[in-house]
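The primary structure of each chain is shown beneath.
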Amino acid sequence: GRARDAKPIVDGGEGGVVLEYRDEFGRILTQKEAFRQLNYKFHGHQPGLRKQEKRRKDLERQQRQLAQQEAGQSGTLGLMKKLQEKAGTAHITL
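From a predicted model like this one, the values you see are computed outputs, not experimental measurements.

Undergrad: Would you mind going over the overall build of the protein chain with me for this structure?
TA: Within the protein chain, the regular secondary structure consists of three helices and zero strands. Its helices and strands taken in sequence order, the protein chain reads α-α-α from the N to the C terminus. Every one of the 94 residues in the protein chain was classed for burial, and the buried ones make up 10%. Long-range contacts, defined as pairs at least 24 residues apart, comprise 33% of the intrachain contacts of the protein chain with a sequence gap of at least 6. A total accessible area of about 8,700 Å² is found for the protein chain, and carbon and sulfur atoms account for 54% of it.

Listed below in structure tokens is the structure:
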């Protein structure tokens, strides 16, 4: 892809108008994603099944990451922090 595709659409011009295109889950779309969604709606088409599946998996992965961040640290880092708090030290002896 192109280098600027991942950047969100922002127009901070004279009028102070900011264009934000959002998907059905409220996420901000990139310029490329917004254009594709506009074309799908205008032409009455849908993305292919593989693209739909890929997008669904990405959304599920992002939701899992957000849930982990909201619930606090999880995994190895969370366990290490709990051990540090319990021991009252800034290090862990392995």
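Past the structure itself, the notes keep going.
Undergrad: How should I be thinking about the confidence of the model for the protein chain in this particular structure?
TA: Interpretation of this model should avoid reading the predicted coordinates in detail wherever pLDDT is low. With 84% of its residues at a pLDDT of 70 or more, the protein chain shows a mean pLDDT of 83. When mean pLDDT is compared element by element in the protein chain, helix 1 (residues 31–43) scores highest at 93, while helix 3 (residues 75–87) scores lowest at 83.

Undergrad: Which parts of the structure should I look at to understand the pattern of salt bridges?
TA: Tallied over the entire structure, the rule returns six salt bridges. With a shortest N-O distance of 3.1 Å, R55 and D23 are connected by a salt bridge. Here R55 is found in helix 2 (residues 49–70), whereas its partner D23 is found in the segment before helix 1, with 32 residues between them in sequence. Given a relative accessible area of 10%, D23 falls into the buried group. Here E60 ties to R56 by a salt bridge, and the two come within 2.4 Å at their closest N and O atoms. In this pair, E60 and R56 are both assigned in helix 2, four residues apart and thus about one turn of the helix distant. A relative accessible area of 34% means that E60 is categorised as partly exposed. Residues joined in a network through salt bridges with shared partners are D23, E24, R27 and R55.

Undergrad: Just to check I follow, could you spell out the side chain of D23 for this structure?
TA: Within the structure, D23 has its side chain in polar contact with the backbone nitrogen of R27 (distance 2.8 Å). At 3.1 Å, the side chain of D23 forms a polar contact with the side chain of R55. If we skip the residues at most four places from it in the chain, D23 touches L29, R55 and L59.

Undergrad: Would you mind going over a nonpolar patch on the surface with me for this structure?
TA: On the surface, a nonpolar cluster with roughly 280 Å² of combined accessible area is contributed by V17, L19 and Y21. Structurally, Y21 is set in the segment before helix 1. Here Y21 falls in the partly exposed class, since its relative accessible area comes to 42%.

Undergrad: Please clarify how helix 1 should be interpreted in this entry.
TA: The α-helix advances 3.6 residues per turn, and as a result positions three or four apart in sequence lie on the same side. Over its 13 residues, helix 1 extends 18 Å from the first C-alpha to the last, a length consistent with the 18 Å expected when each residue adds 1.5 Å. The positive-phi residue at the C-terminal boundary of helix 1 is G44, with phi of around 75°.

The rules behind the values
Per chain, the residues get numbers from 1 upward, laid out in the order the sequence is written. Local features in this predicted model are restricted to residues whose pLDDT is 70 or higher, and side-chain atom pairs enter the listing and the counts only when it is 80 or higher, whereas totals over whole chains, interfaces and linings include all residues. Side-chain descriptors were evaluated using all non-hydrogen atoms of the structure, hydrogens and water having been removed beforehand. The way it works is that DSSP assigns letters per residue, a run of H or I at least four long becomes a helix, a run of E at least two long becomes a strand, and they are numbered from the N terminus. Think of it in three bands: residues with accessible area under 20% of the maximum for their type are buried, residues over 50% are exposed, and the middle band is partly exposed, with areas taken using a 1.4 Å probe on protein chains only. Should any heavy atoms of two residues lie within 4.5 Å, those residues are counted as being in contact. In short, Shrake-Rupley with a 1.4 Å probe defines the accessible areas, and a residue's cover is counted only from the protein chains shown. pLDDT is defined as a per-residue confidence score from the predictor, taking values between 0 and 100. Any Lys or Arg side-chain nitrogen located within 4 Å of an Asp or Glu carboxyl oxygen qualifies as a salt bridge. Throughout this description, a polar contact denotes any pair of N or O atoms lying within 3.5 Å of each other; where both atoms belong to protein, one of them has to be capable of donating a hydrogen while the other can accept it, and for residues adjacent in sequence the pair is counted only when both atoms sit in side chains. Put simply, a patch holds well-exposed residues, over 30% relative accessible area, that have no salt bridge, with like charges counted together within 9 Å and Val, Leu, Ile, Met, Phe, Trp or Tyr side chains within 5 Å. An expected span of 1.5 Å times one less than the residue number is assigned to each helix.

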